[in-house]
Structure formats: structure tokens, C-alpha cells
Amino acid sequence: MICGNKECAKDFEPKTHNQKYCTDECCRIATNRRIMEKYYEKKAIRNGSIRPCKKCGIQLSRYNQSNYCSSCEKKLDIDLKGRLMGMINEIS
Ligand SMILES: [Zn+2]
Ligand SMILES: [Zn+2]
């Protein structure tokens, strides 16, 4: 069995069938790292660096304040205008 802690990766004899790490310390380090990775992932999303377009799923730039990429934004704009025009036509 190879220790699940990447920095350790020591070959060890597991005492239990579900033991993934050679020591409690390695378990703690690996768990902490997983938590930190999740944390940074969430932080990156919050900062807007990894955001997909809600329509086509393309990665948005952090400078794009919208939930859509520029090409989808254009299409949506046209759709919206078209719908508004339709509504206006219905009223008049
Ligand atoms: Zn280890
Ligand atoms: Zn898009």
C-alpha cells in the first residue's frame, strides 16, 4: 500500500483494510490539503476566474461581469429585443 499523502508516498503495511495513509500525521496532512484545494477552488469561482457561460458553457473572462459570454450575450440581447418588439406590436 502506498501512502495517500503525495508528499510521503511511502510504501506501508495497512493495519486496517481502509487505511490510506502510513500515519495519522499523513492522514491529517492529506485531509488538510483536500480542504485547502476545495477552498481555493471556491475562492477562484467567487473571484470570477473560473465561470462558465450559462448558455454555452465556455469559460468566461474574469472581466466579464455577465453570466454569459459575449456571443451569447449578443444573441440574448437580440432575443430580448425581439420579444419586446413582439409585445409592443401586440399592445398597439
Ligand atoms: Zn505517509
Ligand atoms: Zn456563451
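None of these values were measured; they are calculated from a predicted model. (Residues numbered from 1 in each chain as written. Chains lettered and ligands numbered in written order. Predicted model: local features only at pLDDT ≥ 70, side-chain atom pairs only at ≥ 80, totals over all residues. Heavy atoms only, no water.)

Novice: Tell me what's going on with the coordination of the zinc ion (ligand 2), and back it up with residues and numbers.
Specialist: Here the zinc ion (ligand 2) is held by the protein donor atoms Cys53 (SG), Cys56 (SG), Cys69 (SG) and Cys72 (SG), which lie 2.3 to 2.4 Å from it. Coordination at the zinc ion (ligand 2) is tetrahedral: its 4 donor atoms span angles of 104 to 117° at the metal. Within one chain, the residues serving as donors to the zinc ion (ligand 2) are arranged as C-x2-C-x12-C-x2-C. With Cys56 in the loop between β1 (51–52) and β2 (59–60) and Cys72 in helix α2 (residues 70–91), this pair connects stretches of sequence that are 16 residues apart. (Donors = N, O, S within 2.8 Å, 3.2 Å for Na, K, Ca; no water. Tetrahedral: all angles 85-135°; square planar, octahedral: opposite > 155°, others 65-115°. Helix = DSSP H or I, 4+ residues; strand = E, 2+ residues; numbered from the N terminus.)

Novice: Explain the coordination of the zinc ion (ligand 1) residue by residue, including any values.
Specialist: Distances from the zinc ion (ligand 1) to its protein donors, Cys3 (SG), Cys8 (SG), Cys22 (SG) and Cys26 (SG), fall within 2.2 to 2.3 Å. Coordination at the zinc ion (ligand 1) comes from 4 donor atoms whose angles at the metal span 107 to 116°, giving a geometry best classed as tetrahedral. Donor residues for the zinc ion (ligand 1) sit on one chain with the sequence pattern C-x4-C-x13-C-x3-C. The exposure class of Cys8 is partly exposed, given its relative accessible area of 26%. (Buried < 20%, exposed > 50% of the residue type's maximum accessible area, 1.4 Å probe, protein only.)

Novice: Give a description of the environment of Ile35 that names residues and reports values.
Specialist: Along the chain, Ile35 falls in helix α1 (residues 24–47). When its relative accessible area of 51% is taken as the criterion, Ile35 is described as exposed.

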